[in-house]
Each structure stands twice: as C-alpha cells, then as structure tokens.
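Okay, here's what each chain looks like letter by letter:
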Amino acid sequence: MKGIISKFVKKHYAAILSFVSLIAPVAVYSCRGKLYEPKEPVGLESFAKTHK
C-alpha cells in the first residue's frame, strides 16, 4: 500500500502542490473566525482549579 501511495504522489506531485497552495489560505481563513472566543469561557476558573 505504501508503494502505491508513493508512486501516486511522485507522479502527481505538481497537481497536489497546486491544489494545496490554493486551498490552504482559504481553509485557514474560514477556520480562524469560528474558533476564536474573545471572552473567557464560563466556568474556566473552576475547571483550572480542579484540573491541576
């Protein structure tokens, strides 16, 4: 199985690189807004005290 994947990557590396270079900025931009939480989560202090 490893050999098959290796051959595929060696054969199509240029297309893979082009695809990744186009998709990576879009993925980072779309994920950044959804994971950012500006306020302190409710119950953070009690969680930090109990999980030392």
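Relevant structure appears above.
Residues numbered from 1 in each chain as written. Predicted model: local features only at pLDDT ≥ 70, side-chain atom pairs only at ≥ 80, totals over all residues. Heavy atoms only, no water.

J.: Help me understand the overall build of the protein chain, please; the structure alone is not making it clear to me.
T.: Helix and strand counts for the protein chain come out as two helices and zero strands. Here the protein chain holds 52 residues, and 0% of them are scored as buried. Surface exposure of the protein chain reaches about 5,400 Å², of which carbon and sulfur atoms provide 70%. (Helix = DSSP H or I, 4+ residues; strand = E, 2+ residues; numbered from the N terminus. Buried < 20%, exposed > 50% of the residue type's maximum accessible area, 1.4 Å probe, protein only. Areas by Shrake-Rupley, 256 points an atom, 1.4 Å probe, with all protein chains shown as cover.)

J.: Where do I start with a nonpolar patch on the surface in this structure?
T.: On the surface, a nonpolar cluster with roughly 1,200 Å² of combined accessible area is contributed by M1, I4, I5, F8, V9, Y13, I16, F19, V20, L22 and I23. Inspection of the secondary structure puts M1 in the segment before α1 (2-35). (Patch = residues over 30% accessible without salt bridge, like charges linked within 9 Å, V, L, I, M, F, W, Y side chains within 5 Å. Salt bridge = Lys/Arg side-chain N within 4 Å of Asp/Glu carboxyl O.)

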